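Commentary on secondary and tertiary structure
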Amino acid sequence: MGVIIGKSIFPGIVIGQPYIERKKKLDIENYKIASNKIDEEIKRFLESVQKAKNDIKQIKSNLEGKISKEDLQILTVHIMMLDDPQFINDIKKGIKKEENNAEAVVKKVSNKYIEMFEKIADPIYKQRALDIKDISERIIMNLTHEENAYLNLNGKILVIRELLPSELLKMYYSGVNLSGIIMEYMGETSHTAILTKALEIPTLMGGNDIFSVDWGDQIILDTTKIEGKVVTNPDIKTLNKFEEEKNRYKNKIKEINESIDKETITLDGERVCLYLNIGARLDITQVSRKRPDGIGLLRTELIYMDAIEFPDEDKQKKIYENIAREFDQSHLNKPIVIRTLDIGADKKLSYYKMVDEENPSLGCRGMRLTLSDKDLFKNQIKGILRAAKHHNIKMMYPMITNLREIQEARELVDQCKAELLQEGKEFKEDIEIGMMVEVPSNVMLADIFIDHVDFFSIGTNDLTQYILATDRYSPIAEKLYDSYDPAVMRAIEIVTNAGIKKNKKVSVCGEMAGEELAAIALLSFGVRDLSMIPAYIPKIRNLVRKIKISELKIIKENILKSKDSQEVKNILSEYLEKIEGRN
């Protein structure tokens, strides 16, 4: 019997048979092409690229309605990459110059890009390397007429070094029902991790040396805690213990589902609001099933990424109005927070050439980009102002660094209002405007920033990355990326306290908002608004209904005195265990 420890991505307890996928490198033959056959070889390559695009479009089309449009966005990104003229031309030139077969050149060119991106000290480029690996393998498989067989995976726990997003989606599309996933690769904010959450597959990432393990015929996968674990070759005593744990967890899920229609109110009567994080489109079934209190984060960059050119003012107004109208069918006028364009870093537009930067996460992204292109920014501001006229829409700025950016944005908003007034167009004069809290300067100057906005929304993913200076995709630094680090906890408390003092709302829209332990910490700091992916709303609602706010004062004090993240997690875990027995 052995134990493997890793990071839990989606919670669950699974007892089942492992399927060990020792992914082999594609066996590519390298051979010369006769000069008079070069054009034919290029044509063969281009046909394989077109087939890859068609396959992705087909998968995307068939999954729409089953998986949210936002979670399928990775496939749109892959289609854009397959249309990238530089990538395609590099391969065409390679075939001509080297007179080699297309498979070999695709592998050589893609490896060049992958190695280049992996060397750059930025998590965004690590993800880009994985995306290139994904599309290049798809092209090569088309050229060699190879296909992955997924049928043997049904009902089993997949054990694999690295699972590419398109592979996971193709499994789902093929009707494969994975019981769980165990990966050696670690990337809790990667596209694959996002998809496993959307598909609600119990997943563990970051297991070490998984192919040197004697897996046996049956294993236990437990991802119900932050630190997940796998038990290999379990004995009867261990199996019986986890069967009991599995039944307890099953009862907890039943309890969560039964509380879905109840109010999100603590035992001592304090109201907590749970919001949705969404992209370019609204999955209305999530609204009816999860009963959110509003949309806490509408990521408009996905609207731009879906377009073939910058959507104009009228187009944006229509999109925002349609989302608001569809969302608020109950006529309760629930709030919708629209974040202005946040492209840059890992988010690119096929029709907009951005400056190449060595470290795009610290470069021209978010407000830095929109303030550098004021016509682009004003176009969006006007669309939001007009859509907000008859809806409870608020506007929020991403990636604010200093007060000057807030002031410059306010001047643009005033200009937009004056121009709309002159044009005789209706708009919301008193729209609420907030800012994302994502960088250390926001924390240090929270008491100043709060005087210039109507609300804060803490983006814990970027805030953690920038406070701890960690690359989430680095095999060395990934374990340092921990939102429970006392430095991050103190930062959140400082920001929340600044909002409370000025009686202004502070919400959290990062990954932490959907984690039970983190939710306890956030509530102890005074946060009463949490925004998350739809799947986590029932779980957090059920948790809130077991909490007494009066008990959280000591939790807060102990967190702020903690010396490391494990101490923080222990404090929160003890409290969670204490309240789990409450009905």
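Presented here is a report on the structure given in the accompanying data block. Keep in mind that this is a model prediction, so the values were computed, not measured. Sequence positions are assigned chain by chain, starting from 1 and proceeding in written order. In keeping with the model being predicted, local features are shown solely for residues with a pLDDT of at least 70 and side-chain atom pairs are shown and tallied solely at 80 or more, while totals for entire chains, interfaces and linings include all residues. The side-chain values count all of the structure's non-hydrogen atoms but skip hydrogen atoms and water molecules.

**Some remarks on the packing of helix H6 (residues 165-173) against helix H7 (residues 191-198)**
Threshold: Helix axes are fitted only over the stretch in contact, all axes being lines through C-alpha atoms; the angle between N-to-C directions runs from 0 to 180 degrees. Secondary structure elements follow DSSP: runs of H or I of four or more residues count as helices, runs of E of two or more count as strands, with numbering from the N terminus. Comment on the angle field: the value is read as roughly parallel under 35 degrees, roughly antiparallel over 145, roughly perpendicular from 65 to 115, and oblique elsewhere. The contact criterion used throughout is that any non-hydrogen atoms of two residues lie within 4.5 Å. The residue classification treats Ala, Val, Leu, Ile, Met, Phe, Trp, Tyr, Cys and Pro as nonpolar and Asp, Glu, Lys and Arg as charged. All others, Gly included, are polar.
Where H6 meets H7, the axes come as close as 9 Å, and the angle between the chain directions of the two elements is 25°. As judged from the angle between their axes, H6 and H7 are roughly parallel. Taken together, the residues of H7 that come into contact with H6 (itself represented by Pro165, Leu168 and Leu169) are His191, Thr192, Leu195 and Thr196. Across the contact of H6 with H7, the residue classes tally to 4 nonpolar, 3 polar and no charged.

**A short note on the nonpolar core**
Short version of the rule: Here, the term nonpolar core denotes a set of buried Ala, Val, Leu, Ile, Met, Phe, Trp, Tyr and Cys residues that are joined through side-chain atoms within 4.5 Å. Partly exposed residues are those whose accessible area sits between 20% and 50% of the maximum for their type, while under 20% is buried and over 50% is exposed, using a 1.4 Å probe and protein chains only.
Within the largest apolar cluster, 87 residues are counted, with the highest numbers of intra-cluster contacts made by Tyr397, Phe456, Ile520, Leu530, Ile547, Ile559 and Leu572. Ranked by the residues each element gives to this core, the list is headed by helix H19 (residues 516-525), at 8 residues. By size, the runner-up hydrophobic cluster in this structure holds 53 residues, among which are Ile38, Leu75, Val109 and Leu302.

**Examining the sheet that holds strand E8 (residues 227-232)**
The strands making up a sheet associate through hydrogen bonds between their backbones, and the pairing can be parallel or antiparallel. Selection rule: Note: two strands are recorded as paired if DSSP finds a minimum of 2 bridges between them.
Ordered in space as E2-E7-E8-E1-E6-E5-E4-E3, the 8 strands form an open sheet in which the pairing is mixed. Sheet topology places strand E2 (13-16) and strand E3 (18-21) at the edges, where each strand pairs with a single neighbour. Neighbouring strand axes in the sheet, compared pairwise and without regard to direction, differ in orientation by 25° on average. Sheet topology places strand E4 (residues 157-160) next to strand E5 (residues 180-183); 4 bridges connect them, and they run parallel. For Val159, the partnering residue across the bridge sits in E5 and is Ile182. Contacting E2, strand E7 (219-222) and E8, helix H8 (residues 236-258) crosses the sheet at an angle of about 140° to E2.

**As for the packing of aromatic side chains**
Put simply, the rule reads: Centre distance within 6.5 Å is the pairing criterion for rings of Phe, Tyr and Trp, where only the six-membered ring of Trp is used; planes under 30 degrees apart are then read as stacked, over 60 as edge-to-face, and the remainder as tilted. Think of it as a cone above the ring: NZ of Lys or CZ of Arg counts as a charge over the ring if it is within 6 Å of the ring centre and within 35 degrees of the ring normal.
On inspection of all chains with the given rule, the structure shows 4 aromatic pairs. Both rings, one in Phe10 and one in Tyr536, keep their centres 6.2 Å apart while their planes meet at 15°; by these two values the pair is stacked. Of this pair, Phe10 sits in strand E1 (residues 2-10) while Tyr536 sits in the loop between strand E16 (529-532) and helix H20 (537-544); the two residues are 526 residues apart in sequence, bridging distant segments of the chain. With centroids separated by 5.9 Å and ring planes inclined at 65°, the aromatic side chains of Phe87 and Tyr113 adopt a geometry described as edge-to-face. You can see Phe87 sitting in helix H3 (residues 85-98) and its partner Tyr113 sitting in helix H4 (residues 102-119), a full 26 residues away along the chain. Across this residue pair, the class does not change: Phe87 and Tyr113 are buried. Over the ring of Tyr113 we find Lys112, and its NZ or CZ is 5.1 Å from the ring centre.

**Quick look at the packing of H3 against H4**
Stated precisely, the cut-off is as follows: Handedness of a crossing follows from how the near helix is turned relative to the far one, being left-handed for an anticlockwise turn of less than a right angle and right-handed for a clockwise one.
For the pair H3 and H4, the least separation of the axes is 9 Å and the interaxial angle reads 130°. Compared by their axis directions, H3 and H4 come out oblique. As H3 runs across H4, the sense of the crossing is right-handed. Contacts from Gln86, Phe87, Asp90, Ile91, Gly94, Ile95 and Glu98 of H3 reach H4 at Ala102, Val105, Val106, Lys108, Val109, Ser110, Lys112 and Tyr113. Looking at the contact of H3 with H4 residue by residue, the classes come out as 8 nonpolar, 3 polar and 4 charged.

**Some points on helix H1 (residues 38-63)**
As a reminder of what qualifies: Multiplying one less than the number of residues by 1.5 Å gives the expected span of a helix.
Look at H1: 38 Å from first C-alpha to last across 26 residues, which is about the 38 Å you get at 1.5 Å a residue. When we look at burial in H1, the residues that qualify are Ile38, Glu41, Ile42, Phe45, Ser48, Val49, Ala52, Lys53, Ile56, Ile59, Lys60 and Leu63.

**A word on the pattern of salt bridges**
Stated precisely, the cut-off is as follows: Only one rule defines a salt bridge in this text: a Lys or Arg side-chain nitrogen within 4 Å of an Asp or Glu carboxyl oxygen.
All chains considered together, the criterion is met by 37 salt bridges. Here Glu313 and Arg386 are joined by a salt bridge, their closest N and O atoms 2.7 Å apart. A residue pair is termed long-range when its members are at least 10 positions apart, and Glu313 in helix H11 (residues 313-327) and Arg386 in helix H13 (residues 374-387) qualify at 73 residues. Neither Glu313 nor Arg386 differs from the other in exposure class; each is buried. When the shortest N-O distance is used, the salt bridge between Lys546 and Glu580 registers 3.5 Å. You can see Lys546 sitting in the loop between H20 and helix H21 (552-561) and its partner Glu580 sitting in helix H22 (residues 565-580), a full 34 residues away along the chain. By relative accessible area, which is 26% here, Glu580 ends up partly exposed. Among the ionic contacts, a cluster of salt bridges with common partners joins Glu313, Asp314, Lys378, Lys382, Arg386, Glu419, Glu423 and Lys425.

**Details of unusual backbone geometry**
Its identity is not glycine, yet Glu200 carries a phi of approximately 60°, on the positive side. By the element assignment, Glu200 lies in the loop between H7 and strand E6 (203-205). Positive phi outside glycine occurs at Ala469, with the angle close to 50°. Residue Ala469 is classed as exposed on the basis of its relative accessible area of 70%.

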